[in-house]
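# A look at the structure
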Amino acid sequence: MMEKLNDSLRKIERVLGKAIVGITGTILVAITIIIFVQVIFRKVLSNSLSWSEELTRYMMVWMTFLATGYILGHGLHSNIDAVLKRLPKSVQFVVKKINGLLLIFFSIIVLKYGFALTILGANQKSSALVIPMNYVYLAIPAGGLIMLFYSLLILTEGREQKI
């Protein structure tokens, strides 16, 4: 049962992982270009772009929340590997499962409060871009959903599997 669920989640992860890497990479390139243009405008033309700092900040928020679940799922986050690797394999497996359960709990909290914040942001507008803030706050539940997905993937993997 768990193997079938894990296989299905892995198929989804192949597509989701590529999408996350593509989107976050595109956001990073866009941030770099916008900041470069802002520097040119400020230093060469002595005229600052009013929207550039705000837009890059919101893009950074989206990039961070989208990448967080991917990073957790692939074991790329800061980890206490030195301690974990010294434990017996059976204890490592149990610790990973407990970690998966804690991540699911945390993801659900992020989802719940992220959606609440998104709803509250519908009546707020950003200062320079004048866009509804719920578009910005939506990054929180989106990231929570991605973290939940990767947490389920971690929880359903076997003893020797790794993403």
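Figured I'd write up the structure that's included with this text. (Residues numbered from 1 in each chain as written. Predicted model: local features only at pLDDT ≥ 70, side-chain atom pairs only at ≥ 80, totals over all residues. Heavy atoms only, no water.)

## Examining the nonpolar core
The line we're drawing: We define a nonpolar core as any set of buried Ala, Val, Leu, Ile, Met, Phe, Trp, Tyr and Cys residues linked to one another through side-chain atoms lying within 4.5 Å. Categorising residues by exposure relies on relative accessible area from a 1.4 Å probe, with only protein chains included: less than 20% of the type maximum marks a residue as buried, more than 50% marks it as exposed, and the intermediate range marks it as partly exposed. Strands here are runs of E lasting at least two residues and helices are runs of H or I lasting at least four, both read from the DSSP assignment and numbered beginning at the N terminus. Contact definition: two residues touch when any of their heavy atoms are within 4.5 Å.
Within the largest apolar cluster, 7 residues are counted, these being L9, I20, L66, I146, F149, Y150 and L153. Within the residue set of this core, elements represented by two or more residues are α1 (2-43) and α6 (139-156). Looking at this core, the element that brings in the most residues is α6, giving 4 residues. Look past the residues within four positions of I146 in its chain and what remains in contact with it is I20, L66, G69 and Y70. L72, L103, V110 and M147 belong to the second-largest nonpolar core, a separate cluster that totals 6 residues.

## Let's talk about helix α4 (residues 89-120)
Operational definition: The span you would expect from a helix comes to 1.5 Å times its residue count less one.
With 32 residues, α4 ought to run about 46 Å at 1.5 Å a step, and its terminal C-alpha atoms sit 46 Å apart, in line with that. Among the residues of α4, those classed as buried are Q92, K97, G100, L103, I104, S107, V110, L111, G114 and T118.

## Looking at the packing of helix α2 (residues 52-73) against α6
Heads up, the rule is: Throughout, an axis means a line fitted to C-alpha atoms (over the contacting stretch in the case of helices), and angles, computed between N-to-C directions, take values from 0 to 180 degrees. We call two directions roughly parallel when the angle between them is under 35 degrees, roughly antiparallel when it is over 145, roughly perpendicular when it lies between 65 and 115, and oblique otherwise.
One can describe the packing of α2 onto α6 by two numbers: an axis separation of 8 Å at closest approach and a directional angle of 5°. Classified by the interaxial angle, the pair formed by α2 and α6 is roughly parallel. In this structure, α2 uses V61, W62, F65, L66, T68, G69, Y70, L72 and G73 to contact α6, whose residues at the interface are A139, I140, A142, G143, I146, M147, Y150 and I154.

## Some thoughts on the pattern of salt bridges
Put simply, the test is: When a carboxyl oxygen of Asp or Glu is within 4 Å of a side-chain nitrogen of Lys or Arg, the pair counts as a salt bridge.
Enumeration over the complete set of coordinates arrives at 1 salt bridge. When the shortest N-O distance is used, the salt bridge between R57 and E53 registers 2.7 Å. Of this pair, R57 and E53 both sit in helix α2, 4 residues apart, which is roughly one turn of that helix. Classification of R57 as partly exposed rests on a relative accessible area of 38%.

## Some details on the packing of α1 against α2
Threshold: In this scheme the handedness of a crossing depends on how the near helix is turned from the far one: anticlockwise by less than a right angle means left-handed, clockwise means right-handed. Classes in brief: Ala, Val, Leu, Ile, Met, Phe, Trp, Tyr, Cys and Pro nonpolar; Asp, Glu, Lys and Arg charged; the others, Gly included, polar.
As a packed pair, α1 and α2 sit with axes 9 Å apart at the nearest point and diverge in direction by 160°. In terms of orientation, α1 lies roughly antiparallel with respect to α2. Crossing of α1 over α2 shows left-handed handedness. Across the contact of α1 with α2, the residue classes tally to 17 nonpolar, 5 polar and 1 charged.

## Things to note about the environment of Y150
Structurally, Y150 can be placed in helix α6. Each C-alpha atom of the pair Y150 and H74 lies 8.5 Å from the other, and the pair is 76 residues apart in sequence.

## Quick notes on a nonpolar patch on the surface
Operational definition: Each patch groups residues whose relative accessible area exceeds 30% and which form no salt bridge, using 9 Å between like charges and 5 Å between nonpolar side chains of Val, Leu, Ile, Met, Phe, Trp and Tyr. Here the open area of atoms and residues is found with the Shrake-Rupley method and a 1.4 Å probe, where only the protein chains shown may cover a residue.
A cluster of nonpolar side chains, namely V29, I33, F36, V37, I40, V44 and L45, defines an oily patch on the protein surface of about 640 Å² accessible area. Tracing the backbone through its elements, the reader meets V44 in the loop between α1 and α2. Exposure remark for V44: the relative accessible area of 59% places this residue in the exposed category.

## So, unusual backbone geometry
Of all residues except glycine, most have a negative phi; of all peptide bonds, most are trans. Of note in the backbone geometry, S46 takes a positive phi value of approximately 50° without being a glycine. Locating S46 in the fold gives a position in the loop between α1 and α2. Phi angles above zero are rare outside glycine, and V130 is one such case at about 55°. Turning to its location among the elements, V130 is positioned in the loop between α4 and α5 (134-137).

## Observations regarding the side chain of T118
Here is the rule: In protein, a polar contact means a hydrogen-donor-capable atom and an acceptor-capable atom, both N or O and within 3.5 Å, with residues adjacent in sequence counting only if both atoms are side-chain atoms; elsewhere, any N or O pair within 3.5 Å suffices.
Structurally, the position occupied by T118 is in helix α4. When its relative accessible area of 9% is taken as the criterion, T118 is described as buried. A distance of 3.2 Å separates a polar side-chain atom of T118 from the backbone oxygen of Y137. In this structure T118 touches N134, Y137, L138 and P141, once residues within four positions along its chain are discounted.

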